[in-house]
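Here's the letter readout for the chains.
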Amino acid sequence: MNKKTKYILIFAVLPVALVTVFFLSMYLDEKKRSSEEASTESSTTEMSREERINAMLLEEYQKSQSTREFVEETTEAPVLSKDDAEYDDMIDGTDSSDVSGGSEVYGEDELSAEDEALIASLEEEARKNSYSAIDYNGISIVTGMNQVALNGQYVLGLTDAELNAPHPLFLQYDPRWAAYPYGLGTMQSSACGPTSLSMVITGLTNISNASPPMVATYSMNHGHYVPNQGTAHTLFTSGAPDFGLYCSKVSVTETDMKAHLDNGEMLILAMHYGNFTHSAAGHFIVVYGYNQNGFMVNDPGSYERSTKYWPFSVFGNEADNIYGFGVAY
């Protein structure tokens, strides 16, 4: 190889080779970066299940509005009375004389004057500051009972205290949504099922849009509300996966209830006539824990009943079905 050929190789071929190597390196780096971004995006999608569920709930609510507005403009919603099968009377203002058939009601005269005064003071505290968590005998209660609808609009969101509470208490008669339509009635009269599920979803997940009226809208849109009967149990068994939860049947035994609670689950109990309802239609409540004093209840129909410990004997006598809920990973 002569000297001229060497110079040609050095000054012509070598630069081309270097440029080729440079651009090939850039191409491989870009491909790697794109692959990493795709992997990150996929991971983000998997982690944003709560966001997708929040969007679903909002879409369900928006979808329901045109129909609901038309119904409200053309018909007058009937006012349910205690004689109607769907009416859940919340038991507020009732006493032992309301119980027929000689049924024994647990805890009717059990509270001492000191306990009654404590409950009254707690309720007054709740009214003054609905954002506070209130403690009664170790039960953490968060209530929005003093929240009111602004400018005639329902308040569909939840407070930060409610979203952060491990076992928030939501009440059907909360002024934020008490008059919100549910089926043939309202949240106050008929929505113990959606309100109970709302407490479970909010307590177990980071979903922020699962307020009682939003879950009630979901229930109606998906056929879980049965006219003249109320909320079907399919709201729990079929609806749970839509909120990232599993739902399993729990036997009405103290051992099984405690086992599911020990597993980090929350329970929804379908109760018949007795301590928790005077309605033939029944009532749903949430059980979220227990200790040596008894089981801890969040009753969507009563703030007072949610401040008591309850023995298993009450559930053994009055619970028709129990459902356990946990996070589906």
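This text gives an overview of the structure that appears in the document. Quick caveat: nothing in here was measured; it's all calculated off a predicted structure.

### Examining the nonpolar core
- Counting residues in each nonpolar core, the largest one holds 42 residues, and the members touching the most others are Leu-57, Leu-197, Ile-201, Phe-236, Phe-243, Ile-268 and Phe-325.
- Elements supplying a minimum of two residues to this core: α2 (49-74), α6 (192-204), α7 (212-221), α8 (234-237), β8 (266-271), β9 (283-291) and β12 (319-327).
- Broken down by element, this core gets its largest block of residues, five residues, from α6.
- Other than its neighbours up to four places away in sequence, Ile-268 contacts Ser-196, Leu-197, Val-200, Phe-236, Phe-284, Ile-285, Val-286, Asn-321, Ile-322, Tyr-323 and Phe-325.
- Counting 17 residues, the second largest nonpolar core, distinct from the first, contains Val-250, Leu-269, Phe-276 and Ile-285.

### Structural notes on the sheet that holds β12
- An order of β7-β12-β8-β9-β10-β11 is seen for the six strands of this open sheet, with the pairing classed as antiparallel. The open sheet is flanked by β7 (245-250) and β11 (309-310), the only strands paired with a single partner.
- As defined by bridge partners, strand β10 (residues 294-298) adjoins β11 across two bridges and the pair is classed as antiparallel. Each residue of the ladder has a partner; that of Met-296, found in β11, is Tyr-309.
- Strands in contact with α6 are β7, β8, β9, β10 and β12; relative to β9, the strand with the most contacts, it is inclined by about 35°.
- In the packing of helix α9 (residues 254-262) onto the sheet, contacts are made with β7, β8, β9, β10 and β12, and the angle to β9 comes to roughly 75°.

### Thoughts on α6
- With 13 residues, α6 extends 18 Å from end C-alpha to end C-alpha; this agrees with the ideal 18 Å at 1.5 Å per step.
- Of all 13 residues making up α6, 11 are buried, and the element is well covered by its neighbours.
- Every buried residue belonging to α6 is among Cys-192, Gly-193, Pro-194, Thr-195, Ser-196, Leu-197, Ser-198, Met-199, Val-200, Ile-201 and Thr-202, and all of these are buried.

### Overview of the environment of Leu-169
- Tracing the sequence through the fold places Leu-169 in the loop between α4 (160-164) and β3 (181-182).
- Considering only alpha carbons, one finds Leu-169 and Thr-195, 26 residues apart in sequence, at a separation of 9.3 Å.

### Quick look at the packing of α6 against α7
- It is the contact of α6 with α7, at a shortest axis distance of 8 Å, that shows an interaxial angle of 120°. For the pair α6 and α7, the crossing hand works out as right-handed. Along the contact surface, α6 presents Pro-194, Thr-195, Leu-197, Ser-198 and Ile-201, while α7 presents Pro-212, Val-215, Ala-216 and Ser-219.
- Within the contact of α6 with α7, the residues separate by chemical class into six nonpolar, three polar and no charged.

### Quick word on the side chain of Asn-298
- If you trace the backbone, Asn-298 turns up in strand β10.
- Residue classification places Asn-298 among the buried residues on the basis of a relative accessible area of 0%.
- A distance of 3.1 Å separates a polar side-chain atom of Asn-298 from the backbone oxygen of Pro-168.
- Ignoring any residue separated from it by four or fewer positions in sequence, one finds Asn-298 in contact with His-167, Pro-168, Leu-169, Met-199, Ile-285, Val-286, Tyr-288 and Ser-306.

### Topic: the pairing of β10
- Buried residues dominate β10, accounting for five of its five residues.
- Taking the residues between adjacent antiparallel strands as the criterion, β9 and β10 are bridged by two residues.

### Here's the deal with the side chain of Ser-211
- Here Ser-211 lies in the loop between α6 and α7.
- The contacts of Ser-211, once residues within four sequence positions are left out, are Leu-156, Leu-158 and Ser-198.

Conventions we followed
Residues numbered from 1 in each chain as written. Predicted model: local features only at pLDDT ≥ 70, side-chain atom pairs only at ≥ 80, totals over all residues. Heavy atoms only, no water. Core = buried A, V, L, I, M, F, W, Y, C linked by side-chain atoms within 4.5 Å. Buried < 20%, exposed > 50% of the residue type's maximum accessible area, 1.4 Å probe, protein only. Helix = DSSP H or I, 4+ residues; strand = E, 2+ residues; numbered from the N terminus. Contact = heavy atoms within 4.5 Å. Pairing = 2+ DSSP bridges. Axes fitted to C-alpha atoms, helices over the stretch in contact; angles between N-to-C directions. Expected span 1.5 Å × (residues − 1). Left-handed = near helix turned anticlockwise from the far one by under 90°. Nonpolar A, V, L, I, M, F, W, Y, C, P; charged D, E, K, R; others polar. Polar contact = N/O pair within 3.5 Å; in protein donor to acceptor, adjacent residues only side chain to side chain.

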